[in-house]
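Here are the chains, one letter per residue:
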Amino acid sequence: MRLNRNLVSLYMLFLLTLISKISCAQVYDELNINNLSVRINSSGDFFNDYINQKSQFEVPINSGKTPAYTSSLWVGGVDDQDQLHIAAQAYRCMAADFWEGPVANAYLPSYVIKYRRVYKIDRSDINQFLQTGIPSQNIIDWPAHGDLTNGEAEFLAPFIDVDKDNKYDPYKGDYPAILGDQAIFFIFNDDRHEHGESKGEKLKIEIHGLAYAFNKPDDRILNNTFFVRYKIINRSENNYFNLYSGVFTDFDLGNYLDDFIGCDSAKSYYYAYNGDSIDEGNRGYGNKPPSLGVVFLNNELKSFIGFYDNNNQNLLNPTTPLGFYNNLNGLWSDGTSINYGGNGYDDYWQKSVTKFLYPHHPTLSGDSWSEISANNTPGDRRCLGSTGPFDLYKNGEIILDIAYVFSEPSNNEFLASTVLLDKDVEYIKTFYDSFISSSREHNHNMKKVELFPNPSNGFFHISIPEKNSKDVEISLYNTSGQLIDKSNYSINRENKEVKIALKNLAKGLYIIRIFNNGDIYETLVSIK
């Protein structure tokens, strides 16, 4: 009998191990068009291979060196009855709050098979399609529409609707709308199961994610950066208030045992850097250790908090719904404010509170507060940067644009990477403001408009529908989604047309977007 009990125990241990591995396993693909190799998992978290317990965020690419272990989204707010709802993901093998796919009525095996994937596509695929009219499998598989019979949203992944029929059909010329030169679209929700990580009430949100990068080998900064756009959609019957959204990151900067963290609230980014002059070990970066920054691009960084002190439970990762929400709001898990100085929790001499842990650059002295000035011991660092509060009404959405910037100095001066990162972040924010922030996403409520001649040599007419406005704003985008020109034009009152003259445009396809007295119109023009 004892032997049988032992066999049963071994069998149960095997079964639990198998279940754990299945829950950890995720389908993924990698951004790898520049100096980074970045794993994007199907359930929305980045970098981590939990089965083998390692990071697959490699910089430089093929170096075997990794600057972070995992990064993921946290969202929390209260409904009309002041009930807290929270969804937060940290380490998937322990528990989960997010799962792949859109919000649906039923999450059957057929649904899981359909959505247990990510969707990778290169700009070159799209350009080749525009030239030949022959779609690649990646273009054919683009998840533009959900299953209405299962309660899924009609429109999922964004696309260019060439014939304006609100139906994705690459055989009629439609194609994915992406940013960058390589992109991975992923979709996930917090509704499929009860929340095991935060143990909070569901928000019933659906997140459309687009991770992307640029192929610019001559641009050191872009070559070491990738971007993420989150579209957070409220599919519930609730309205949410005081809603915060944050990005959790477990930094393992080469050797994970000698890291520091900090933030810059004015420039809306947080970062990790080496706590000493050498990043030791086989996976370390040596005597020129880098920094990695997480940059909030279209929203201000409103709080930053860290999890690192094993001697104080409140300075570790939260374990309750309210603890997660407190962290999103720039408080310690127990609701205590961040105290300026020291480790940010104990009652220090200035007795002032803040929303930002270690807000000053580590090269500063005097009354500045960083891990350097606090005389901390370097070690493993996890942290959370947040933005908000938002009101997220039923069927409403929030866009969150993030960049991950890797900065490796050319010299071995201590803290050189933090100085370089600060400059690189400024560059990325300027690049974003100039080329990405105005980038269009497909809007299925856009109206059709007539443009002629098409193809054109840059001189063409647009027929404007009858409106009371005298002027219209017209924006021109390339197929990468980058804004090329934006100008106001007067409408010819006799024929309701606008005459456009654009010089020195390269040959190719361009997107025209027209803003006319509250309505938005869109069409394509081919420049020959």
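One can find the structure itself at the top, above this paragraph.
Residues numbered from 1 in each chain as written. Predicted model: local features only at pLDDT ≥ 70, side-chain atom pairs only at ≥ 80, totals over all residues. Heavy atoms only, no water.

Enquirer: Just checking my understanding: could you explain the overall build of the chain for this structure?
Expert: A tally of regular secondary structure across the chain gives six helices and 31 strands. Each of the 528 residues in the chain was classed as buried or not, and the buried ones make up 57%. Taking the intrachain contacts of the chain between residues at least 6 apart in sequence as the baseline, contacts between residues at least 24 apart amount to 67%. (Helix = DSSP H or I, 4+ residues; strand = E, 2+ residues; numbered from the N terminus. Buried < 20%, exposed > 50% of the residue type's maximum accessible area, 1.4 Å probe, protein only. Contact = heavy atoms within 4.5 Å.)

Enquirer: Explanation requested: helix H6 (residues 416-436) in the structure shown.
Expert: For an α-helix, the turn length of 3.6 residues means that residues three or four places apart are oriented alike. For H6, which comprises 21 residues, the first-to-last C-alpha distance of 29 Å matches the rise-based estimate of 30 Å (1.5 Å per residue) to within 8%. Along H6, the residues classified as buried are Ala416, Ser417, Thr418, Leu421, Asp422, Asp424, Val425, Ile428, Phe431, Tyr432 and Ile436. The secondary structure elements touched by the buried residues of H6 are strand S13 (205-213), strand S14 (225-234), strand S16 (259-264), strand S17 (269-274), strand S18 (291-296) and strand S23 (397-407). (Expected span 1.5 Å × (residues − 1).)

Enquirer: Sorry, what's going on with the environment of Gly306 here?
Expert: Tracing the chain through its elements places Gly306 in strand S19 (residues 303-307). C-alpha separation for the pair Gly306 and Thr249, spaced 57 residues apart in sequence, amounts to 9.6 Å. Setting aside its immediate chain neighbours within four residues, Gly306 contacts Ile261, Leu315, Trp332, Leu357, Arg382 and Cys383.

Enquirer: Just checking my understanding: could you explain helix H5 (residues 321-328) for this structure?
Expert: The buried fraction of H5 amounts to six of the eight residues, a majority that puts the element mostly inside the structure. Those residues of H5 lying buried are Gly323, Phe324, Tyr325, Asn326, Asn327 and Leu328. Those residues of H5 that are buried are in contact with strand S6 (68-78), strand S7 (84-88), strand S15 (240-251), S19 and strand S22 (381-392). One or two positions beyond H5, positive phi appears at Gly330, with a value near 75°.

Enquirer: Looking at this structure, I do not really get the pairing of strand S27 (residues 471-478). What am I missing?
Expert: On any regular strand, side chains alternate: one points to one face of the sheet, the next to the other face. For S27, the tally of buried residues reaches six of eight residues, placing the bulk of the element in the interior. Bridging between S27 and strand S28 (residues 483-490) involves seven bridges; their strand directions are antiparallel. Of the residues in S28, the one forming a bridge with Val472 is Tyr489. Here S27 runs beside strand S30 (residues 508-516); their pairing, made up of six bridges, is antiparallel. Counterpart to Asn478 in the pairing with S30 is Tyr510. (Pairing = 2+ DSSP bridges.)

Enquirer: Help me out: how do you make sense of the nonpolar core in this one?
Expert: A general trend in soluble globular proteins is that nonpolar side chains are found buried together. Core analysis: the largest hydrophobic core is formed by 76 residues, its most contacted members being Phe226 and Tyr230. Those residues in contact with Tyr230 that lie beyond four places of it in its chain are Gly44, Phe46, Leu73, Phe186, Phe188, Ile207, His208, Ile398, Ile399, Leu400 and Ile402. (Core = buried A, V, L, I, M, F, W, Y, C linked by side-chain atoms within 4.5 Å.)

Enquirer: Sorry, what's going on with the packing of aromatic side chains here?
Expert: To describe a pair of aromatic rings, one takes the distance between the centres and the angle between the planes. According to the stated counting rule, one finds 42 aromatic pairs in the structure shown. With centroids separated by 6.2 Å and ring planes inclined at 85°, the aromatic side chains of Phe47 and Phe226 adopt a geometry described as edge-to-face. With a gap of 179 residues between them, Phe47 in the loop between strand S2 (37-41) and strand S3 (48-49) and Phe226 in strand S14 connect regions that are remote in the sequence. For the pair Phe251 and Tyr270, a centre-to-centre distance of 6.1 Å together with 80° between the ring planes defines the contact as edge-to-face. (Phe/Tyr/Trp six-rings, centres within 6.5 Å; stacked < 30°, edge-to-face > 60°.)

Enquirer: I'm lost on the pattern of salt bridges in this one. Help?
Expert: Between side chains of opposite charge, a pair can form as their charged atoms come close. Within this structure, the stated rule accounts for 14 salt bridges. The partner of Arg382 in a salt bridge is Asp380, and the shortest N-O contact between them spans 3.9 Å. Linked through salt bridges whose partners overlap, the residues forming this network are Asp191, Glu194 and Lys202. (Salt bridge = Lys/Arg side-chain N within 4 Å of Asp/Glu carboxyl O.)

Enquirer: What is the right way to look at unusual backbone geometry in this model?
Expert: For residues besides glycine, phi is generally negative; the peptide bonds are generally trans as well. Residue Pro60 is bonded to the preceding Val59 through a cis peptide linkage, with omega at -10°. Within the secondary structure, Pro60 is located in the loop between strand S5 (57-58) and S6. Residue Gly388 is joined to Pro389 through a cis peptide bond whose omega torsion reads 0°. Looking at the secondary structure, you find Pro389 in strand S22.

Enquirer: When you look at the sheet that holds strand S1 (residues 28-31) in this model, what are you seeing that I'm missing?
Expert: Whether parallel or antiparallel, the strands of a sheet pair through hydrogen bonds between backbone atoms. In spatial order, the strands read S1-S2-S5; together these three strands make up an open sheet with antiparallel pairing. With one partner strand each, in any of the chains shown, S1 and S5 form the two edges of the open sheet. Judged from the two bridges that link them, S2 and S5 form a sheet pairing that is antiparallel. Bridging from a neighbouring strand, Ser37 pairs with Glu58 of S5.

Enquirer: What should I look at first to understand the sheet that holds S7 in this one?
Expert: Spatially, the five strands line up as an open sheet ordered S7-S6-S15-S22-S19, and their pairing is antiparallel. The two strands at the open ends of the sheet, each matched to only one other strand, are S7 and S19. Shown here is a sheet whose adjacent strand axes are inclined to one another by a mean of 20°, direction ignored. The sheet contact formed by S19 and S22 spans five bridges and is antiparallel. Considered in S22, the bridge of Phe304 is made with Gly385. (Axes fitted to C-alpha atoms, helices over the stretch in contact; angles between N-to-C directions.)

Enquirer: Explain the side chain of Asn223 to me, please; I cannot follow it from the model alone.
Expert: Mapped onto the secondary structure, Asn223 falls in the loop between S13 and S14. Assessed through its relative accessible area of 15%, Asn223 is described here as buried. If near-sequence neighbours (up to four positions away) are discounted, Asn223 is found in contact with Asn34, Asn35, Leu36, Lys216 and Pro217.

Enquirer: Please clarify how the environment of Lys429 should be interpreted in this entry.
Expert: Among the secondary structure elements, Lys429 is positioned in helix H6. Owing to a relative accessible area of 21%, Lys429 belongs among the partly exposed residues under this scheme. On a C-alpha basis, the gap between Lys429 and Phe296 in space is 8.9 Å, while along the polypeptide they are 133 residues apart. Beyond its immediate stretch of four places on either side in the chain, Lys429 contacts Lys267, Ser268, Val295, Phe296 and Leu297. Within the structure, the side chain of Lys429 is placed 3.4 Å from the backbone oxygen of Lys267, a separation counted as a polar contact. (Polar contact = N/O pair within 3.5 Å; in protein donor to acceptor, adjacent residues only side chain to side chain.)

Function cannot be read off these values alone, since they describe shape.
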